[in-house]
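# Structural characterization, general
What follows is the residue order along each chain.
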Amino acid sequence: MVDLDARTRDTLDWAAVLTRLAHHARTTRGAAAATGLLLVADRAAAKAHYEAVAELIALEEDDQRLPIGAITDIADAVERAATGRVLEAPELIATGRCLRALEDLRIWLTAREADAPRLFALATPIEVDPELLQRLESSFDERGELSERTYPELGELRRRIRSLQSKVQATLDTLVKGDALAGVLQDRFVTQRGDRYVLPIKAEAKRAGLGIVHDTSNSGETVYIEPAEVVELNNALRLAEAALRREIARILRALSQLVGRFAAPIAASLDAAAAIDLTCARVGLGRELRGVIPTLGAGGVLHLVQARHPVLSLRGIEVVPNDLSLDGETPGMVLSGPNTGGKTVALKTLGLAALFCRAGIPFPAAEGSRVDVFPDVIADIGDLQTVEGDLSTFSGHVLVLKEVLRRARPGVLVLLDEVAVGTDPAQGGALARAVLEVVVEAGARLAVTTHYTELKAFATTDPRFVNAAVHLEDGQPAYRVQRDTVGLSHAFSTARRLGLDPTVVDRAEGFLSAEAQALGGLLEQLERERQAGERLRRDLERQRAELDARQAQVDDAWRKIRGRTREIAQAEAQATLDRLARVEDEVKAVIAALQARPDLARAGRSLQAIRALKEEAAPPPAPSLPKPPPPRALQVGDRVRVHSLGKVGRVISLPRKGLVEVDLGGLHTRVKLRDLVGMTQPEPEPEPAPPPQAPPRASLDPADLSGVRIPSNTLDLRGKRVEEAVDALEPFVDQLIRRQLEVGFVLHGHGTGALKRAVREALPGVTLVRAWRPANENEGGDAFTIVGV
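Rules used throughout
Residues numbered from 1 in each chain as written. Predicted model: local features only at pLDDT ≥ 70, side-chain atom pairs only at ≥ 80, totals over all residues. Heavy atoms only, no water. Patch = residues over 30% accessible without salt bridge, like charges linked within 9 Å, V, L, I, M, F, W, Y side chains within 5 Å. Areas by Shrake-Rupley, 256 points an atom, 1.4 Å probe, with all protein chains shown as cover. Salt bridge = Lys/Arg side-chain N within 4 Å of Asp/Glu carboxyl O. Lys, Arg positive; Asp, Glu negative; His and termini not counted. Charge placed at Lys NZ, Arg CZ, Asp CG, Glu CD. Helix = DSSP H or I, 4+ residues; strand = E, 2+ residues; numbered from the N terminus. Buried < 20%, exposed > 50% of the residue type's maximum accessible area, 1.4 Å probe, protein only. Pairing = 2+ DSSP bridges. Axes fitted to C-alpha atoms, helices over the stretch in contact; angles between N-to-C directions. Contact = heavy atoms within 4.5 Å.

Taken together, the side chains of Glu-61, Asp-62, Asp-63 and Asp-115 make up a negatively charged region of the molecular surface. With respect to the helices, strands and loops of the structure, Asp-115 is situated in the loop between α6 (89–110) and α7 (117–123). Residue classification places Asp-115 among the exposed residues on the basis of a relative accessible area of 59%.

As a further point, take the sheet that holds strand β22 (residues 784–788). Across the sheet, which stays open at both edges, the four strands sit in the order β19-β20-β22-β21 with mixed pairing between neighbours. In the strand order of this sheet, the two ends are held by β19 (714–716) and β21 (771–774), each with one partner. Adjacent strand axes in the sheet meet at a mean angle of 20 degrees when their direction is disregarded. The strands that helix α21 (residues 722–738) touches are β19 and β20 (743–747); relative to β20, the one it contacts most, it runs at about 150 degrees.

Counted residue by residue, strand β6 (residues 322–326) has four buried out of five residues, so it is predominantly covered. In terms of strand pairing, strand β5 (residues 302–307) meets β6 through four bridges, oriented antiparallel. Pairing of Leu-302 across the sheet is with Leu-326, part of β6.

Once that is clear, we can look at the pattern of salt bridges. Scanning all chains against the criterion turns up 41 salt bridges. The residue Arg-20 makes a salt bridge to Glu-288 at a minimum N-O spacing of 3.1 Å. With Arg-20 in helix α2 (residues 14–23) and Glu-288 in helix α11 (residues 263–288), this residue pair connects regions lying 268 residues apart in the sequence. Among the residues examined, Arg-20 registers a relative accessible area of 30% and is labelled partly exposed. Overall, the relative accessible area of 31% leaves Glu-288 in the partly exposed class. The salt bridge involving Glu-567 is made with Arg-564; its shortest N-O contact spans 3.1 Å. Within this pair, Glu-567 and its partner Arg-564 are both found in helix α19 (residues 514–596), separated by three residues, close to a single helical turn. Overall, Glu-567 belongs to the partly exposed group, its relative accessible area being 44%. A cluster of three or more residues bridged by salt bridges with shared partners is formed by Asp-5, Asp-376, Glu-403, Arg-406, Arg-407 and Arg-409.

Have a look at this one:
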């Protein structure tokens with residue numbers, strides 16, 4: 001019986017993945033959990049793993065590192081405590097520190113429950129008894145000894161022991177340095193034998209009644225005697241030390257019993273921490289592989305975008321990424337092509353993607369990949385031939401196929417390398433086709449590699465299967481899987497590339513039939529054309545990428561130009577506003593001077609000054625292409641183009657005072673001579689305009705004043721004082737003139753009548769006011785005064 005599950009894990013190098021996963025764990029229990037990782041078999045569990053991974057990635061991207069590294073494996077010590085064993089002080093200290101780390105982890109994740117609900121759920125089983133934690137942390141001092149502050153009786157015993165030791169040492173020092181034993185001392189030092197303080201005495205003096213003999217040197221020349229002067233002191237010291245040991249043992253026993261009482265919640269907490277650390281390991285391995293979290297579905301879909309073989313990537317090999325896909329419409333894939341071309345790598349990539357999904361590890365592929373959960377993955381890659389089992393290559397594959405057919409059903413992924421190989425090609429191909437059909441009909445997903453022509457042809461005609469192939473490029477493997485193509489085996493080319501004697505290869509080619517040689521030649525020609533097309537496609541993609549990059553540069557430059565244009569426009573607008581403000585002040589000064597001395601000559605000069613200021617206030621003209629010069633020898637009937645209007649017409653009168661009358665499709669208009677395009681005659685000098693004639697005051701009959709009241713020709717004086725209202729009349733009249741309005745309306749209301757009287761008394765004295773009258777009922781009534789300018 002073939003253990004296909006173990007064989008699948010072996011052929012997919014799953015152990016290498018778990019070893020690397022354990023490397024990324026931060027605790028010993030997490031590493032152990034990674035090494036013995038159990039694969040989930042349902043979508044909900046896989047989704048939960050990936051959600052926890054995504055939460056931890058987000059936390060770490062926000063510079064929040066999970067505080068889990070201080071958790072140690074105290075399971076063995078806790079289990080021994082639960083059976084009544086007494087733990088040593090270092091074990092109890094380690095237990096306290098681990099429990100503190102567990103509590104810190106729980107608190108840390110509780111504070112982040114909203115951002116990491118899955119991680120918080122993993123931490124829910126963590127339960128640390130506050131009394132136990134407090135007892136363990138307070139029982140030991142910074143030196144790792146039982147605390148005298150917590151246990152005062154220990155302090156008393158330790159102080160008594162130190163006092164007795166000092167007395168013993170002082171007594172012995174006195175004996176060593178004195179004359180009483182000077183003749184019998186072998187050496188002048190104090191030592192210990194059997195926890196008793198002794199002196200080295202010459203062997204001949206051992207019966208001199210100096211004290212109790214505890215030991216003899218190897219040579220027999222020295223005996224170690226406890227002097228009679230310190231026997232009682234040593235006895236008292238031994239009793240104090242025994243009392244200290246009993247007290248320490250009592251305290252350690254009580255602490256161990258307390259730990260044992262909470263063995264179950266501690267074990268659950270350790271398991272929860274290991275599960276959380278396993279998430280850390282998943283994140284670490286995914287980051288090392290530059291992996292992504294694939295979309296999880298429930299339709300038996302494997303859609304890998306730019307997928308890379310993870311084990312090869314971990315070995316530092318530059319892996320060519322490939323797109324691989326199996327789904328309900330095309331549940332089967334037949335991979336063909338030369339040996340060492342990458343077929344098996346593609347097969348293993350599919351299987352590892354399914355296992356990574358069930359393990360909750362990000363897979364090395366591009367965004368947009370989808371991996372549904374396959375509860376059963378079967379991979380037959382490699383040779384099952386054994387001497388001990390009396391299995392040939394073909395027999396081993398048949399045993400695998402038997403198990404595959406038994407287990408084929410929806411949710412199963414089957415990967416067969418060189419299916420039904422090792423027997424007659426015709427019979428092997430037929431058997432392989434039958435297996436493929438049965439497996440797909442059972443609802444499983446299937447990918448196989450083959451050199452059988454019959455299988456390639458079968459996949460071409462059966463819509464449930466897709467052909468995919470790896471090819472050689474310039475005689476070398478490209479390791480790139482091409483969908484909807486059939487691969488050539490390139491047996492002769494591969495043999496030559498690997499160094500087989502060329503004469504042998506040439507002889508082998510001669511054994512082929514003429515039809516086979518012709519077919520082979522045709523297929524090789526098609527393959528060369530396909531490679532040329534592929535190279536062209538890659539060149540076009542490269543050129544497209546370069547064009548996209550250049551377009552991006554152009555777009556960026558255009559955005560900068562537009563931004564700079566806006567800045568320039570804003571600066572020019574502000575400059576125009578500043579220029580207009582200055583000109584307005586100067587115009588006011590001219591008008592004020594004219595009002596002060598209203599004579600004809602001064603009015604003419606003022607008008608000229610205002611015109612000059614108007615030209616100064618105008619914005620600078622936009623740059624434009626130079627116009628053609630104006631026409632020479634202009635005659636009535638000539639066709640001309642009016643540049644400013646962009647229209648063509650005919651001259652109907654000769655220039656006069658620089659103006660020409662032009663017929664523009666029935667519309668007669670007078671335009672400047674220099675505005676005409678098409679000839680080269682210079683513009684005649686315009687005749688100087690006569691000085692303006694000031695209209696006589698009150699030459700307009702007030703009864704002739706009429707107009708429509710609009711906001712731009714209305715002055716609202718309501719609410720103003722008399723002085724403010726009178727001062728506002730002059731600017732209002734100036735505004736009417738600038739806007740070329742002949743009639744204005746002054747709204748003063750009725751009120752007491754004082755504002756109305758003041759306005760009407762002031763209007764005759766306002767420069768350029770030609771007439772005024774009260775408004776009639778249709779014009780707003782006596783609340784308005786109409787002004788003519």
